[in-house]
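Examining the three-dimensional arrangement
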Amino acid sequence: MSRILALSLVGTALALAGCEATQPTVGSNQARTAATGSAGGAAAQNVNAKLGRCDRPAGTLALVEDNTLDWYRAYLDKYRLGSTAPVLRLLIQQSNCFIVVERGRAMANMQQERALQNSGEMRNNSNFGKGQMVAADYSLTPEVLMSARGTSGLGGALGGYGGRLGVIGAVAGGIRTNEAAVMLTLVDNRSGVQVAAAEGSSSNTDFNLGAVLVGSNGFGGAGGYTNTPQGKVVTAAFTDAYNNIVDAVKNYSPQSMGDRGMGTGGRLAVEGASQQQGASVQSSQASGPQGANAYVSLRDAQVKLNQLGYNVGVPDGQLGKTTVAQLRMFQRDRRVSVTGQLDQATMNELAK
C-alpha cells in the first residue's frame with residue numbers, strides 16, 4: 001500500500017512539472033489575505049465577511065507603528081513583509097468604526113504641499129492654509145508578539161515510512177503550520193488613557209510539494225505548490241485582533257476611580273508618599289444636570305471652600321484632615337454623597 005502511495009505522489013509531481021506557465025490574472029483568490037476588498041469613505045466593497053463593522057465611527061484614529069522595536073526589525077528581516085500599516089488602515093476604514101487620519105510617512109508630503117503654498121509657488125486658491133487638518137482622537141499601536149513558520153508538522157508522525165520510500169516522510173515533513181499572534185492597543189490621545197487592547201491569532205497549513213520532493217530518492221523539479229506566505233497568517237491575526245477591538249469599542253464602558261478623580265492619586269498607598277492630589281481633576285465634556293462637567297484642582301477647591309465659610313486654612317493642595325472634614329460638611333449641606341473626597345459631584349457643586 002505504501003509503494004502505491006509513493007508512486008501516486010511521484011506521478012503527481014511529474015504531471016505538475018509538465019505544466020506550462022500561465023498568463024497573470026487580475027485578481028487571485030490564492031493571493032488574497034484576510035484584509036481584502038476596498039474602502040472609499042464610508043463605502044466598502046468585497047469586504048471579508050468576518051470583519052466587524054460599526055454603524056458610525058467612534059472618532060478619528062491615527063495608526064502608530066514603532067519601527068524601532070525589536071519585533072518590527074525581526075518581522076522585516078525574517079519575512080520581508082514590510083509595514084503593517086496598509087493592511088490595518090484598510091481594515092479600519094472598512095469597519096467604519098474609526099476615521100483614519102494620516103500621521104505616518106505621508107505627513108512629509110502634506111508638509112511639503114504646505115511649504116510650497118507658503119513659498120508662493122502654488123496657484124491662487126490652492127487652499128493649503130492652516131486650520132484644515134483633523135485631530136486624531138485615538139492612536140492604535142500594532143505589535144507582532146509571535147510569528148513563526150513551520151512550528152509543527154506531520155513529519156514526525158509519518159517519518160517512519162521512510163527507507164526506500166523516503167519520499168512519503170519527506171512529503172509529510174513538508175506539511176507545516178504557520179502561526180502568528182499580534183496585539184493592538186487603543187489609546188485616547190487627549191488623556192493618554194488606554195481605552196482598549198486586544199490580542200489576535202491565526203494559523204494555517206503550509207503544503208510545499210515542490211520543495212520536499214527535491215532530493216527525495218532522486219525525484220525533483222516538480223514545481224508544485226508554493227509556501228503560503230507568512231504575511232497572510234499575520235494579516236489574519238491582525239484581523240482577529242481588530243475584530244476584538246471592535247467588540248470592545250461597541251461594548252465600551254469607561255474605567256472609573258469612583259470617589260476619586262482619575263490621575264489625582266491612586267488607592268494603593270505607598271509608605272512615606274505624599275497624599276497630595278494632582279494639579280487638576282479633569283473630565284471630558286458630557287451633558288448632565290449642570291451641563292458640562294466641572295473640573296477644579298484641590299487647591300482651588302480649598303480656596304472656594306474658604307470663600308463659602310468652610311475654613312480649611314491656608315490652601316496647600318493637601319488632602320489633610322481639616323480639608324476632609326470641611327469637604328464632608330460641604331457635601332452634607334449640598335446633599336451629595338459624603339465621601340470627604342474631591343469627587344465629580346463635589347466639583348460640580350463648587351463650580352456653581
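Residues numbered from 1 in each chain as written. Predicted model: local features only at pLDDT ≥ 70, side-chain atom pairs only at ≥ 80, totals over all residues. Heavy atoms only, no water.

1. Concerning the nonpolar core
If you look at the biggest cluster of nonpolar residues, it comprises 31 residues, and the most contacted ones within it are F98, L184, L186 and Y242. Contributions of two or more residues to this core are made by β3 (60-63), α2 (70-79), α3 (85-95), β5 (138-153), β6 (175-188), β7 (194-207) and α8 (230-250). Ignoring sequence-local partners within four residues, the contact set of Y242 consists of L51, L91, I92, S95, C97, F98 and L184. By size, the runner-up hydrophobic cluster in this structure holds eleven residues, among which are L298, Y310, L319 and L342. (Core = buried A, V, L, I, M, F, W, Y, C linked by side-chain atoms within 4.5 Å. Buried < 20%, exposed > 50% of the residue type's maximum accessible area, 1.4 Å probe, protein only. Helix = DSSP H or I, 4+ residues; strand = E, 2+ residues; numbered from the N terminus. Contact = heavy atoms within 4.5 Å.)

2. Focus: the state of the cysteines
A complete count under the given rule lists one disulfide for this structure. Across the disulfide from C54 sits C97; the S-S distance is 1.9 Å. In this structure the cystine formed by C54 and C97 twists about its S-S bond by roughly 85 degrees; its chirality is therefore right-handed. Note that C54 is positioned in the loop between β2 (43-45) and β3 and C97 in the loop between α3 and β4 (99-100), a separation of 43 residues in sequence. (Disulfide = S-S within 2.5 Å.)

3. Notes on helix α10 (residues 321-334)
Spanning 14 residues, α10 covers 20 Å between terminal C-alpha atoms, matching the ideal 20 Å at 1.5 Å per step. All of the buried residues in α10 are T323, Q326, L327, F330 and Q331. Summarising the axial view, the buried residues of α10 lie within an arc of 140 degrees, below the 170-degree limit, and thus occupy one face. Its buried side turned inward, α10 meets α9 (298-307) and α11 (344-350). (Expected span 1.5 Å × (residues − 1). Arc of directions from axis to C-beta.)

4. Notes on the packing of aromatic side chains
According to the stated counting rule, one finds two aromatic pairs in the structure shown. Taking 5.9 Å as the distance between ring centres and 75 degrees as the angle between the ring planes, the aromatic pair formed by F98 and Y138 counts as edge-to-face. Of this pair, F98 sits in the loop between α3 and β4 while Y138 sits in strand β5, and the two are 40 residues apart along the sequence. Relative to F330, the ring of Y310 lies with its centre 5.5 Å away and its plane at 90 degrees, an arrangement referred to as edge-to-face. Of this pair, Y310 sits in the loop between α9 and α10 while F330 sits in helix α10, placing them 20 residues apart in sequence. (Phe/Tyr/Trp six-rings, centres within 6.5 Å; stacked < 30°, edge-to-face > 60°.)

5. What about the confidence of the model for the protein chain?
Considering every residue of the protein chain, the mean pLDDT works out to 74; 66% of them sit at 70 or more. In this model, residues 153-173 is a region of pLDDT below 50 whose contacts with residues beyond four sequence positions or in other chains number 33 contacts. Overall, residues 275-292 carries pLDDT values under 50, and its contacts beyond four positions in sequence, including any with other chains, amount to 35 contacts. (pLDDT = per-residue confidence, 0-100.)

6. As for the pattern of salt bridges
A pair can form between side chains of opposite charge whenever their charged atoms are brought close. For the coordinates displayed, the defined rule picks out three salt bridges. Across the pair R89 and E102 runs a salt bridge whose closest N-O atoms are separated by 3.0 Å. Of the two residues, R89 sits in helix α3 while E102 sits in the loop between β4 and α4 (106-119), which places them 13 residues apart along the sequence. In this structure E102 comes out as buried when scored by relative accessible area, which is 17%. Of the charged contacts in the structure, one is a salt bridge between E349 and R334, with a shortest N-O distance of 3.3 Å. Pair noted here: E349 is in helix α11 and R334 is in helix α10, with a separation of 15 residues, a long-range link. Residue R334 is classed as partly exposed on the basis of its relative accessible area of 31%. (Salt bridge = Lys/Arg side-chain N within 4 Å of Asp/Glu carboxyl O.)

7. Digging into the environment of D316
Counting through the fold element by element, D316 comes out in the loop between α9 and α10. When the C-alpha atoms of D316 and D300 are compared, they prove to be 9.4 Å apart, with 16 residues separating the residues in sequence. Discounting chain neighbours no more than four positions away, the residues touching D316 are R299 and Q302. A polar contact of 2.9 Å, which involves the side chain of D316, links it to the backbone nitrogen of Q318. (Polar contact = N/O pair within 3.5 Å; in protein donor to acceptor, adjacent residues only side chain to side chain.)

8. Looking at unusual backbone geometry
Although it is not a glycine, N46 sits at a positive phi angle of roughly 55 degrees. Locating N46 in the fold gives a position in the loop between β2 and β3. Positive phi values are uncommon outside glycine, yet N96 reaches one of about 65 degrees. Mapped onto the elements of the fold, N96 is located in the loop between α3 and β4. Of the residues examined, N96 reaches a relative accessible area of 13% and is grouped as buried.

9. Considerations on the packing of α3 against α8
At a closest axis distance of 10 Å, the pairing of α3 and α8 adopts a crossing angle of 35 degrees. Considering the relative orientation of α3 and α8, their crossing is right-handed. Contact residues: α3 offers V87, L88, L91, I92 and S95, while α8 offers T235, F238, T239 and Y242. Across the contact of α3 with α8, the residue classes break down as six nonpolar, three polar and no charged. (Axes fitted to C-alpha atoms, helices over the stretch in contact; angles between N-to-C directions. Left-handed = near helix turned anticlockwise from the far one by under 90°. Nonpolar A, V, L, I, M, F, W, Y, C, P; charged D, E, K, R; others polar.)

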